Amino acid sequence: MALQFASDFLGRPYAGDNTSALAEAATDVELCTFTRPQLEVLLRAYPGLQQQLMQRVLKDLDFAREWMVLLGRKTAEERVASFILLCLEKQRNVACHAAPSKSGERLELPLSRTDIADYLGITLETVARKLRQLSDDGVIAIHTGRFVSVLDAERLRARSASD
């Protein structure tokens, strides 16, 4: 299971004909699809694209390693903080993202609280409690729906126990 964000690459173009993938959208999405031959034409036409795709694959591997640590060793608070950081960093990678304001960087969490709990391997109640704790401590602000603002990214990073 993995979360994909705007500009992420989904699929395995060189995995053969016997691959299958199941994707479920948690929010509205817009997809751009390429057949393998179309992708190969693009890679030939834009040589730097192949290197960018390789960099993405390597980042995905790094993320998978970090996520194994998260699920195996991090506390519930560290998991929730790490999840918010992941969403923030992915949002920052989108070209149309606005600069942070004095009230922090506002973002929409891509999952419901229940789905976040499932994704992090903790209970819904624990997710709610940890979000409230981060809010009470002035690290984030919770808005209606799935929206939060990161008020202090450095403290959030510290709470996630990230290096």
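Residues numbered from 1 in each chain as written. Predicted model: local features only at pLDDT ≥ 70, side-chain atom pairs only at ≥ 80, totals over all residues. Heavy atoms only, no water.

(A) Structural context of the overall build of the chain. Helices and strands together make up the secondary structure of the chain, namely six helices and three strands. The order of α-helices and β-strands along the chain, N terminus first, is α-α-α-β-α-α-β-β-α. Out of the 163 residues belonging to the chain, those deemed buried represent 29%. Looking at the chain alone, contacts between residues at least 24 apart form 60% of all its contacts between residues at least 6 apart. For the chain, the accessible surface area stands at approximately 11200 Å², while carbon and sulfur atoms represent 53% of it. (Helix = DSSP H or I, 4+ residues; strand = E, 2+ residues; numbered from the N terminus. Buried < 20%, exposed > 50% of the residue type's maximum accessible area, 1.4 Å probe, protein only. Contact = heavy atoms within 4.5 Å. Areas by Shrake-Rupley, 256 points an atom, 1.4 Å probe, with all protein chains shown as cover.)

(B) Geometry of the confidence of the model for the chain. The pLDDT averaged across the chain works out to 84; a share of 87% of its residues lies at or above 70. Averaged pLDDT values over the elements of the chain bottom out at 83 in helix 2 (residues 47-73) and peak at 97 in helix 5 (residues 124-136). (pLDDT = per-residue confidence, 0-100.)

(C) Main features of the pattern of salt bridges. Here the structure, examined in full by the defined rule, presents four salt bridges. We note a salt bridge from aspartate 62 to arginine 65, for which the minimum N-O separation is 2.8 Å. Linking aspartate 62 with arginine 65, this pair stays in helix 2, spanning three residues, or about one helical turn. Given a relative accessible area of 40%, aspartate 62 falls into the partly exposed group. Here glutamate 89 makes a salt bridge to arginine 157, at a shortest N to O gap of 3.1 Å. You can see glutamate 89 sitting in helix 3 (residues 76-92) and its partner arginine 157 sitting in helix 6 (residues 153-159), a full 68 residues away along the chain. Here glutamate 89 falls in the partly exposed class, since its relative accessible area comes to 34%. A residue is classified by how much of its surface remains accessible, and arginine 157, at 22% relative accessible area, is partly exposed. (Salt bridge = Lys/Arg side-chain N within 4 Å of Asp/Glu carboxyl O.)

(D) A nonpolar patch on the surface, seen in detail. Taken together, the side chains of Met54, Val57, Leu58 and Leu61 present a nonpolar region at the surface, about 350 Å² in accessible area. Position of leucine 61 among the secondary structure elements: in helix 2. (Patch = residues over 30% accessible without salt bridge, like charges linked within 9 Å, V, L, I, M, F, W, Y side chains within 5 Å.)

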